[in-house]
Amino acid sequence: MGSSSSSRNKIPNAQELMDQTGFSSAHLLRLYDRFECLDRDNRGYLSPDDFEAVGGLAMNPIGGRIIDAFFSSGQDTVDFSSFVRILAHFRPTDRNRNKEGTQQELPNSRTRKLKFAFQLYDLDRDGKISREELLQVLRAMLGLQVTEEQLQSIAERAIQEADLDKDDAISFDEFKKSLEKVDIDTKMSIGFLK
Amino acid sequence: MATLWRFTLFLCMLLMACGGLSLARGGHEAAPITTLPIVTWKWHHISVQYLVALWILVCWLCKLIIEANHSVTNYIPESALLICSGFILGGMIWGADKMQTFSLSPTVFFYFLLPQIILDSGYHMPNKLFFTNLGAILIHAVIGTCWNAASLGLSLWGCHMGGAMGDLDIGLLQYLLFGSLMAAVDPVAVLAVFDQVHVNEVLFIIVFGESLLNDGVTVVLFNVFDAFVSLGGGRINAAEIVKGIVSFFVVAFGGSLVGIAFGILIALLTRCTKNIQIIEPGFIFVMGYLSYLTAEMLSLSAILSTTFCGVLCQKYVRANMDESSVQTVKYAMKVFANGSETIIFVFLGISAIDKVIWVWNTGFILLTLLFIFVYRFIGVFFLQWILNRYRLVPIELIDMVIMSYGGLRGAVAYGLAVLLDENKIKEKNLMICTTLIVVYFTVILQGITMKPLVMWLKVKRAEVTEVSLLEKMTNKMFNHTLVAIEDISGQIGDNYFRSKWRHFEEKWMTPLLMKPSARKKQDEVFDVFHQLNLKDAMEYVTEGERSGSLEFVRNDSAILDFKKKLEITDMIGFLCSRDPIPSVSLEMHEQTMKAMREAEAVDAHHLLDQHLYKSRKQYRHGFSRSDFKINRDEKEVQEIFQRTMRNRLESFKSAKMGVSPPKTIVKHSKKEQQEKVKTKRGNNKLIFSFSFLDFEFSEGDSASGYDSSYPSFSMRATYRPGDGIENPAFVPDLYPTDLLQIPPWLAESEPDSSMVAPSLRAQANLPNSPMEMRRMGLLRTSTRSTDTKQMNNDQFPPPPTPPPPPSGHM
């Protein structure tokens, strides 16, 4: 008990983080350990090469995008609180919370999860997924079996289906609408972060 | 009226059946003949076969009558009605024969009726859902069934000791044996009842998966207790019990391994059966049945074996086999499974009408019913409560109620009950009666009340949704994301295992079990894309037909033109086989052939062969038993026909309304050409290469989407179909007409500039008069552009003499 509270003191703004993300202190500690483990040079922050050192990411088709998602615009370092905030997106949604507005602010609300996913597509952060961005994702995920033309057609069709205001790009609302039937909770949650 | 006819038919069949049955009992003595008989009565030769066929027919007729009127089947599940028909039939036979000549014998049930149902379940199992919930399924199947068996047996024994059942000669072991055979949830019954209720998929898969996998436990328990009963109470010591537990693992895992082995064999087989596509589907059935029998032979769990065989082979079979074979397997399996299910339920009804087996013991029967019901609820709730703590998305209370309520017993329990040895178990008849009553209670009563209960409790129903491409893509992306996040946060979760499995599968299993050509097509996103395209095509056709746009078909010249278009622009097998090929087109083919000689080696003979071959095809259709390609081409022809019709509809519509640009046909060549295309071209959207089933309609609206790089002649090299014989008369989009997205043969509608979206290149040389466009459009037949202000495509060979102005053509 004593050690955990002293370890918690290691973590800056621990209470604030817990409130904002909904993680328990045990989780936070675990994540802090992991953060320190990833931070090989003990700089107190992570840079892209720290992420790239993680084994599986190289084999992941969208590994690069995930890494980019951690680095919010402009910065090239990730401190612990940003690290935790991003990971908080993947907490399973708490079902029993009252919906007094607190729900919307938590990172693991459905909207926030969708926003995270949206940003994985929308690399230039202009708020819309253009055809080119869609193509890039497709290219990354579909690999070599599919030809360029087919990729184009798929991207074309995907936009056609989702694009409601016919501006040839998918905005966040259109994105949300087209995924309304998907159970985001299951699909974008990791159990041990509960 | 129709119902009346059906009913009459049914009655006739019944009478025939009864008549036949009475005859069957009459023996036939072989008396010496005195004169040459012209016709003899040979009933005894084919009595068995005749009865079998007749019974199948009668059962299926029952189903026909039941399904005639959906108002009844909305309230009472079909299985219940089938059992009732069985009662009626049984009554008639009883009336005719004064004894029950027919009943559901275990041999017939376990070896002839059950395997196909299980194979069907395994083959059509939603794998992803199944394996995601495998933990819950296994826990319920193993622990739940053991709990059911133990609790039922012990409670009944307790009641017996307490005197509630009067004077029965059943010992503890026999109670446990009875408990074990009553414990198992029956897959046939679950399927039959849940089929009509459409609960949400997680709920369904847990109940259904449990009903399949609990066979492992049931078999073990039944055999163990059966052996114990034979051994007698005294000889049971710790060693025997340990052996019992070991046998569970052996039976369960052994059965699964047998199934997996047969699944792999099936996949390997289908990899090599390209040349015998006719009987390809049969292999699945034979091997599936063999897996069942092999497991049975080794006294392992046959149901587990068949289930896993189906689960494993489904992916590879669907990838390896030809589309028509896949459809054949799917439908044949459904026929067998559904047919067997019908027969099972009817016979369950018939078997009841037998005075011999009826022994009534109120206490025993009612207590069994009560205990089964109650203990099921307790078991499910307790186990699921524990499981929920480990689940990402816990299962709600309401779902748990339905899960418990859905614990239906069925024919498997009855079959096992009949298998009991009456020498060792004196009260076998009582057990059979009780089993029957329990089965009727669950199937009929619980079946009838299941739907109202689901509605009343507002259980989440299955959503019939269409998956959009974006959804599918995003789902995939989620998978990758989760794996990445798991990696980053350093923990091993579900997704880690899943991705590991996927890697393993890609590396080892797919190369081994899947045909190389099939491997290339393996992609979910692309599959959805493909399916969506096909659906679109069909929808447009229906729409077109409804609005009567088939008008142009009746116009003779239009047909001709259209035909020519098809011939020119299509590859092998796309011709409408209805009319003979007009000679005009042959001429034109000759011309175009000459013209294209520089670009590619064109085989004139091939070309002629191609056409002649096609015209003969229409007569061959339907006669050949082994050449199914004919039918496929017919289907493709229809599709292209429909597509073109739809195209015309669109252009007519847009011509009238001038609203949105009609859709382009962007087709995709076969994979073999894809590589060539890819290497030769960059991003070119307008590949007008044709393959049999891959085509897509895209909203060709903005020029921005089009790459300015224009297809060159080298493109045409890639427009070969997989068969290698190309239609050299086909000239791809050399002309901006294509960019203008108006099928040239309909270009008499004015080229509203708002409708066209020419590429950069075409913009340089925009045809600005209808005549010109039309001419150019029709000049698709020629490889040369007579348009002097042609785009700078130097690879075009010099033009031949241009055909006369289009007015004569249209």
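Residues numbered from 1 in each chain as written. Chains lettered and ligands numbered in written order. Predicted model: local features only at pLDDT ≥ 70, side-chain atom pairs only at ≥ 80, totals over all residues. Heavy atoms only, no water.

Details of the overall build of chain A
Argument step 1. A count of helices and strands for chain A gives 12 helices and 2 strands.
Argument step 2. Looking at chain A as a whole, 51% of its 194 residues qualify as buried.
Argument step 3. Put simply, chain A shows about 8900 Å² of open surface, and 48% of that area lies on carbon and sulfur atoms. (Helix = DSSP H or I, 4+ residues; strand = E, 2+ residues; numbered from the N terminus. Buried < 20%, exposed > 50% of the residue type's maximum accessible area, 1.4 Å probe, protein only. Areas by Shrake-Rupley, 256 points an atom, 1.4 Å probe, with all protein chains shown as cover.)

Focus: the nonpolar core
Argument step 1. B:Trp55, B:Phe109, B:Leu114, B:Leu156, B:Leu348 and B:Phe364 are the most contacted members of the largest nonpolar core, which totals 140 residues.
Argument step 2. Counting residues per element, this core draws most heavily on helix 10 (residues 201-231) of chain B, at 16 residues.
Argument step 3. No fewer than three residues from each of domain 1 (1-23 + 44-95) and domain 2 (106-457) of chain B sit in this core.
Argument step 4. Not counting chain neighbours up to four residues away, the residues in contact with B:Phe109 comprise B:Leu104, B:Leu114, B:Pro115, B:Ile344, B:Ala411 and B:Val412.
Argument step 5. Counting residues in hydrophobic clusters, the runner-up holds 65 residues, among them A:Leu17, A:Phe118, A:Leu179 and B:Ile488. (Core = buried A, V, L, I, M, F, W, Y, C linked by side-chain atoms within 4.5 Å. Domains from an automatic or database assignment. Contact = heavy atoms within 4.5 Å.)

Regarding the packing of aromatic side chains
Argument step 1. Applying the stated criterion across every chain, the model contains 28 aromatic pairs over all chains.
Argument step 2. Considering the side-chain rings of B:Phe371 and B:Tyr375, the 5.6 Å spacing of their centres and the 25° angle between planes classify their relative orientation as stacked. Residue B:Phe371 and its partner B:Tyr375 are both found in helix 15 (residues 362-388); the two are separated by 4 residues, about one turn of the helix.
Argument step 3. In this structure B:Phe371 comes out as buried when scored by relative accessible area, which is 14%.
Argument step 4. B:Tyr375 sits in the buried class, given a relative accessible area of 18%.
Argument step 5. What links up through ring pairs into an aromatic cluster is the set A:Tyr32, A:Phe35, A:Phe80 and A:Phe83.
Argument step 6. Across from the ring centre of A:Phe172, 4.6 Å away, lies the NZ or CZ of A:Lys115, which sits over that ring. (Phe/Tyr/Trp six-rings, centres within 6.5 Å; stacked < 30°, edge-to-face > 60°. Lys NZ or Arg CZ within 6 Å of the ring centre and 35° of its normal.)

Concerning the state of the cysteines
Residue and element names in this part refer to chain B.
Argument step 1. The final tally for this structure, using the stated rule, is 0 disulfides over all chains.
Argument step 2. Distance from the sulfur of Cys59, which forms no disulfide, to the nearest cysteine sulfur (Cys62) is 6.0 Å.
Argument step 3. Note on Cys59: relative accessible area 0%, which makes it buried.
Argument step 4. We classify Cys62 as buried; its relative accessible area is 2%. (Disulfide = S-S within 2.5 Å.)

A look at the packing of helix 9 (residues 187-194) of chain B against helix 10 of chain B
Two quantities define a packed helix pair, namely the angle between the axes and the distance from one axis to the other.
Residue and element names in this part refer to chain B.
Argument step 1. At a minimum axis distance of 8 Å, the contact between helix 9 and helix 10 shows a crossing angle of 155°. With respect to their mutual orientation, helix 9 and helix 10 come out roughly antiparallel. Only Phe204, Val207, Phe208, Ser211 and Leu212 of helix 10 make contact with helix 9, whose side of the interface consists of Pro187, Val190, Leu191 and Phe194.
Argument step 2. Its residues assigned to classes, the contact of helix 9 with helix 10 shows 8 nonpolar, 1 polar and no charged. (Axes fitted to C-alpha atoms, helices over the stretch in contact; angles between N-to-C directions. Parallel < 35°, antiparallel > 145°, perpendicular 65-115°, else oblique. Nonpolar A, V, L, I, M, F, W, Y, C, P; charged D, E, K, R; others polar.)

Here we look at a nonpolar patch on the surface
Argument step 1. Together, B:Trp147, B:Leu370, B:Phe373, B:Val374 and B:Ile378 give the surface a local cluster of nonpolar side chains, amounting to about 410 Å² of exposed area.
Argument step 2. In terms of residue count, helix 15 of chain B provides more of the nonpolar patch than any other element does, 4 residues in total. (Patch = residues over 30% accessible without salt bridge, like charges linked within 9 Å, V, L, I, M, F, W, Y side chains within 5 Å. Salt bridge = Lys/Arg side-chain N within 4 Å of Asp/Glu carboxyl O.)

Considering the pattern of salt bridges
Residues and elements named next belong to chain B.
Argument step 1. Overall, the coordinates contain 12 salt bridges over all chains when judged by the stated rule.
Argument step 2. For Asp120, the salt bridge identified is with Lys334, shortest N-O distance 3.7 Å. Placement of Asp120 in helix 5 (residues 106-123) and of Lys334 in helix 14 (residues 323-352) is noted, with a sequence separation of 214 residues between them.
Argument step 3. Residue classification places Asp120 among the buried positions, given a relative accessible area of 8%.
Argument step 4. Between Glu210 and Arg376 there is a salt bridge, and its shortest N-O distance comes to 3.0 Å. Placement of the pair is Glu210 in helix 10 and Arg376 in helix 15, with a sequence separation of 166 residues.

Considerations on the environment of B:Ala189
Residue and element names in this part refer to chain B.
Argument step 1. Among the secondary structure elements, Ala189 is positioned in helix 9.
Argument step 2. It is 8.9 Å that separates the C-alpha atoms of Ala189 and Val439, two residues lying 250 residues apart in sequence.
Argument step 3. Once you skip the residues sitting within four places of it in the chain, Ala189 turns out to touch Phe345, Leu408, Arg409, Gly410 and Val443.

Thoughts on the UniProt feature "domain: EF-hand" (unreviewed entry) in chain A
Argument step 1. In this numbering, the UniProt entry assigns the feature "domain: EF-hand" (unreviewed entry) to residues 109-144 and 150-185 of chain A.
Argument step 2. In residues 150-185 of chain A, helix accounts for 61% and strand for 8%; the two terminal C-alpha atoms are 31 Å from one another. (UniProt positions renumbered as here; feature names shortened; annotations may be inferred.)

Structural notes on the environment of B:Asn320
All names here are of chain B.
Argument step 1. Mapped onto the elements of the fold, Asn320 is located in helix 13 (residues 302-320).
Argument step 2. Expressed as a C-alpha distance, the spacing of Asn320 and Ser517, which sit 197 residues apart in the sequence, is 8.3 Å.
Argument step 3. Discounting chain neighbours no more than four positions away, the residues touching Asn320 are Ala267, Thr270, Arg271, Leu513, Met514, Lys515 and Ala518.
Argument step 4. A polar contact of 2.8 Å, which involves the side chain of Asn320, links it to the backbone oxygen of Leu513. (Polar contact = N/O pair within 3.5 Å; in protein donor to acceptor, adjacent residues only side chain to side chain.)

Points about the side chain of B:Thr273
Residue and element names in this part refer to chain B.
Argument step 1. One can find Thr273 in the loop between helix 11 (238-272) and helix 12 (280-297).
Argument step 2. The class for Thr273 is buried, based on a relative accessible area of 2%.
Argument step 3. In contact with Thr273, not counting residues within four places along its chain, are Glu280 and Phe283.

Topic: the packing of helix 4 (residues 78-97) of chain B against helix 14 of chain B
All names here are of chain B.
Argument step 1. Look at helix 4 against helix 14: their axes get within 6 Å of each other, and the N-to-C directions meet at 45°. The angle between helix 4 and helix 14 falls in the class oblique. For the crossing formed where helix 4 meets helix 14, the hand is right-handed. From helix 4, Ser79, Leu82, Ile83, Gly86, Phe87, Leu89 and Gly90 reach across to helix 14, where they touch Thr342, Phe345, Val346, Gly349, Ile350 and Ala352.
Argument step 2. Class assignment for the residues of the contact of helix 4 with helix 14 results in 8 nonpolar, 5 polar and no charged. (Left-handed = near helix turned anticlockwise from the far one by under 90°.)

Some points on the confidence of the model for chain B
When pLDDT is low, close inspection of the predicted coordinates is not appropriate.
Residue and element names in this part refer to chain B.
Argument step 1. This prediction gives chain B a mean pLDDT of 72; 63% of its residues lie at or above 70.
Argument step 2. Predicted confidence in chain B is weakest over helix 24 (residues 556-569), with a mean pLDDT of 36, and strongest over helix 12, with 94.
Argument step 3. Below pLDDT 50 for its whole length, residues 730-742 participates in 74 contacts with residues either more than four positions away or in separate chains.
Argument step 4. Here residues 779-810 is modelled with pLDDT under 50, and outside its nearest four sequence neighbours on either side it reaches 84 contacts, counting other chains as well.
Argument step 5. What the predictor reports for the complex is a pTM of 0.66 with an ipTM of 0.88. (pLDDT = per-residue confidence, 0-100.)

Quick look at unusual backbone geometry
Argument step 1. The residue A:Asp168 is not glycine, and still its phi comes out positive at about 65°.
Argument step 2. Following the sequence through the fold, A:Asp168 ends up in the loop between helix 10 (148-162) and strand 2 (169-171).
Argument step 3. Within the chain, B:Ser299 stands out as a residue other than glycine whose phi angle is a positive 55°.
Argument step 4. Its place among the elements puts B:Ser299 in the loop between helix 12 and helix 13.
Argument step 5. Assessed through its relative accessible area of 46%, B:Ser299 is described here as partly exposed.

So, helix 2 (residues 14-21) of chain A
Residues and elements named next belong to chain A.
Argument step 1. Within the span of helix 2, buried status applies to Ala14, Leu17, Met18 and Thr21. All buried residues of helix 2 fall inside an arc of 100° around its axis, so they share one side.
Argument step 2. Looking one or two residues past helix 2, Gly22 carries a phi angle of roughly 85°, positive in sign. (Arc of directions from axis to C-beta.)

Brief notes about the confidence of the model for chain A
All names here are of chain A.
Argument step 1. Confidence in the prediction of chain A, expressed as mean pLDDT, is 76, and 82% of residues score 70 or more.
Argument step 2. Averaged pLDDT values over the elements of chain A bottom out at 51 in helix 7 (residues 102-105) and peak at 84 in helix 11 (residues 172-178).
Argument step 3. Note that residues 97-104 has pLDDT below 50 and, in this model, 8 contacts with residues that lie over four places away or in other chains.

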